[in-house]
Amino acid sequence: MNEHVRDTSIPNDWDRRGLPGWCYHSDALLELEKDHVFRNHWQIACHISDVAEPGDYLTMDVVGERALILRDKSGRLRAFQNICRHRGSRLVTNEMGHCKGALVCPFHGWVYNLDGTLRGPARPQSFPPLDKHEFALEPLELEIWMGFVFLRFRKGPQPSVAELMRPFEKELSHYRTPDLVPSKGIWTQETPVNWKSVRDVDNEGYHVAMAHPALQDLYGSTYFDEPFVKGVCRSFATYNPYAGRRWSVRNYMKLAPDPVHLPQYLKKAWIYYGLFPNAVIAVTPETMQFYQEFPISRDRTMLRGAIYRYAQESRAQRLARYLSFRIDRDTQAEDVQLTIWSNESMTSKAFNGFYLSDLEYGVRTHHDHLRAALPVMTLDEPPEEKDMAATNAHMTGHK
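About the thresholds
Residues numbered from 1 in each chain as written. Predicted model: local features only at pLDDT ≥ 70, side-chain atom pairs only at ≥ 80, totals over all residues. Heavy atoms only, no water. Helix = DSSP H or I, 4+ residues; strand = E, 2+ residues; numbered from the N terminus. Rg over C-alpha atoms; globule rule 2.2 N^0.38 Å. Buried < 20%, exposed > 50% of the residue type's maximum accessible area, 1.4 Å probe, protein only. Contact = heavy atoms within 4.5 Å. Lys, Arg positive; Asp, Glu negative; His and termini not counted. Charge placed at Lys NZ, Arg CZ, Asp CG, Glu CD. Pairing = 2+ DSSP bridges. Axes fitted to C-alpha atoms, helices over the stretch in contact; angles between N-to-C directions. Polar contact = N/O pair within 3.5 Å; in protein donor to acceptor, adjacent residues only side chain to side chain. Parallel < 35°, antiparallel > 145°, perpendicular 65-115°, else oblique. Left-handed = near helix turned anticlockwise from the far one by under 90°. Nonpolar A, V, L, I, M, F, W, Y, C, P; charged D, E, K, R; others polar. Salt bridge = Lys/Arg side-chain N within 4 Å of Asp/Glu carboxyl O. Phe/Tyr/Trp six-rings, centres within 6.5 Å; stacked < 30°, edge-to-face > 60°. Expected span 1.5 Å × (residues − 1).

Some thoughts on the overall build of the protein
For the protein, the count of helices and strands is 10 helices and 18 strands. By the compact-globule yardstick of 21 Å for 399 residues, the protein fits well, its C-alpha radius of gyration being 22 Å. Here the C-alpha coordinates of the protein stretch approximately 75 × 60 × 35 Å along the principal axes. Classification of the 399 residues of the protein by burial places 53% in the buried group. Within the protein, counting contacts between residues at least 6 apart in sequence, those at least 24 apart form 67% of the total. For the protein, the distance from the average position of its 48 positive side-chain charges to the average position of its 50 negative side-chain charges is 6 Å.

So, in structure tokens, the structure goes:
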């Protein structure tokens, strides 16, 4: 049985156009997106198990920002700008690791405690007295929700993650998400498209039947998307009655154990929870993952994510997790190709814009959230690149 969590009915008469093509190929718009869509909205950094012990850390470089997530000596998770207060050097250079008692800048040797306070500069006699709090690492806003670590580079329009994700909290709690552990760590991949093309493909399941044979075999007849409402969305599917034509799907269904910790309606469900602007938490009976995308340039995007498992994983769960990974791996490769084809078409004079199906209403609602953040995206024709920021500021009422 498929269950809707919220009233997500589609209007009888809605504007089926998506964003105009110019929005996918503008350097000036991308700079506004970095500031008004990425830096001021919540981003998934990791899971608490990625930084499980005091001294464990993880770094995250996105949209020109450098974040450091660190567990201090008391066991508290903290987030800082990964920037030394002396000359701005990158303080921690590895993507993940462990430090015993202090962070040492590789440029001049300034030393910071694990709570971010300054322990002292190298050659302190060459400076006036430095207050350990005044010269502490710059903190970032951090929130832990259901075991996932979220951060925000600056205050923005969203409420807390807990408030945003409240419609899904009861359902997701069945998966015991805080108790999960990493499977292979954080992965990244680059793809030659605008970041919105990635999100457009992921925000609708209309293409599953044609483009994703494994997913269509597994759950195509039951899949449905809920649109973005107040910054979050959900997609839900249960196994097809006669699934199993493909090797991975057939063996996945054969080997997957009965998930006794899940209620009946979730025992054979794959669910995707979306968080505006760019993140998804996905669950299956045996595993959980997050994935997201960040712009590198107007036509290059970094995909980032991680997969987590149950700490006391049985052999059957491990095999099922491997087979679900195979299905996801093939699906991601198929999606990458779809994004390339879609993204490149927008530079053609023959491109006349989107005309969306009711099954693609999720794409439209994501675009509506983007338009609310950046009203310049409502324009059919782009302003001059040099005028982009001023035009958007005028449309928002800021001068």
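Looking at the sheet that holds strand β3 (residues 65-71)
Within the open sheet, the 4 strands sit side by side as β4-β3-β2-β5. Their pairing is antiparallel. Looking along the sheet, the strands with just one partner apiece sit at the ends: β4 (77-81) and β5 (96-98). Neighbouring strand axes in the sheet, compared pairwise and without regard to direction, differ in orientation by 20° on average.

Focus on the environment of D15
With respect to the helices and strands, D15 occurs in the segment before α1 (27-38). Taking the C-alpha atoms as reference points, D15 and A320, 305 residues apart in sequence, are found 42 Å from one another. Engagement of the side chain of D15 in a polar contact is seen with the side chain of R17, the distance being 2.7 Å.

Topic: the side chain of T191
Positionally, T191 belongs in strand β12 (residues 187-191). Residue contacts for T191: discarding those within four places in its chain leaves V198, D299, R300, T301, L303, V336 and T339.

Considerations on the pairing of strand β2 (residues 56-62)
For β2, a buried count of 6 out of 7 residues is recorded, marking the element as mostly surrounded by other parts of the structure. Sheet topology places β2 next to β5; 3 bridges connect them, and they run antiparallel. Within the sheet, the bridge partner assigned to L58 lies in β5 and is M96.

Brief notes about the packing of helix α7 (residues 247-255) against helix α8 (residues 315-345)
Where α7 meets α8, the closest approach of the two axes is 9 Å, and the angle between their N-to-C directions is 155°. Put simply, α7 runs roughly antiparallel to α8. Crossing of α7 over α8 shows left-handed handedness. Across from W247, S248, V249, N251, Y252 and L255 in α7, the residues of α8 making contact are A316, L319, A320, L323, S324, R326 and I327. Across the contact of α7 with α8, the residue classes tally to 9 nonpolar, 3 polar and 1 charged.

What to know about the sheet that holds strand β10 (residues 148-152)
Each strand in a sheet pairs with another by means of backbone hydrogen bonds, the pair being arranged parallel or else antiparallel. Overall, antiparallel pairing links the 3 strands, which are arranged β1-β10-β9 in an open sheet. Since the sheet does not close on itself, it has two edges, and those belong to β1 (43-47) and β9 (141-145), each with one partner. Across the sheet, the mean angle separating the axes of adjacent strands is 30° when strand polarity is ignored. Where β1 and β10 come together, 4 bridges link them in antiparallel fashion. In the strand pairing of β10, C46 is matched with V149.

Quick notes on the pattern of salt bridges
Opposite charge on two side chains makes pairing possible when the charged atoms of those side chains draw close. Going through the model one piece at a time under the given rule, you end up with 26 salt bridges. Among the salt bridges present, the one from R17 reaches D15, with a minimum N-O distance of 2.7 Å. The class for D15 is partly exposed, based on a relative accessible area of 31%. One salt bridge connects R234 with E226, and the closest N-O pair in it is separated by 2.9 Å. One network of salt bridges, with partners in common, ties together D15, R17, R364, D368, R371 and D380.

What about the packing of aromatic side chains?
Overall, the coordinates contain 17 aromatic pairs when judged by the stated rule. Summarising the aromatic geometry, the rings of F290 and Y308 are spaced 6.4 Å apart at their centres and angled 20° between planes, so their arrangement reads as stacked. You can see F290 sitting in strand β17 (residues 287-297) and its partner Y308 sitting in strand β18 (residues 300-310), a full 18 residues away along the chain. Side by side, F290 and Y308 carry an identical accessibility label, which is buried. Ring geometry for F351 against F354: centres 6.0 Å apart, planes inclined by 85°, an arrangement best described as edge-to-face.

Thoughts on unusual backbone geometry
Each neighbour pair has its own omega, and for F276 with P277 the value is 10°, a cis peptide bond. Structurally, P277 is set in the loop between β15 (269-275) and β16 (279-284). Not every positive phi belongs to a glycine, and R123 is a case in point at roughly 50°. Locating R123 in the fold gives a position in the loop between β8 (118-120) and β9. Although it is not a glycine, K230 sits at a positive phi angle of roughly 50°.

Details of the side chain of E33
Tracing the sequence through the fold places E33 in helix α1. Residue contacts for E33: discarding those within four places in its chain leaves C23, F38, W195, K196, L374 and M377.

Comments concerning α1
In this model α1 runs 15 Å from its N-terminal to its C-terminal C-alpha over 12 residues, within 8% of the 16 Å that 1.5 Å per residue would give. Of all the residues in α1, the buried ones are A28, L29, L30, L32, E33, K34, V37 and F38. In the core, the buried residues of α1 are packed alongside β1, α4 (195-202), β17, α9 (361-373) and α10 (388-395).

Concerning the packing of α1 against α10
Packing of α1 against α10 brings their axes to within 9 Å, and their N-to-C directions diverge by 50°. Between α1 and α10, the angle falls in the class oblique. Listed contacts from α10 to A28, L29 and L32 of α1 are M388, A389 and N392. Taken together, the residues of the contact of α1 with α10 break down into 5 nonpolar, 1 polar and no charged.

Purely geometric stuff here, so don't read any function into it on its own.
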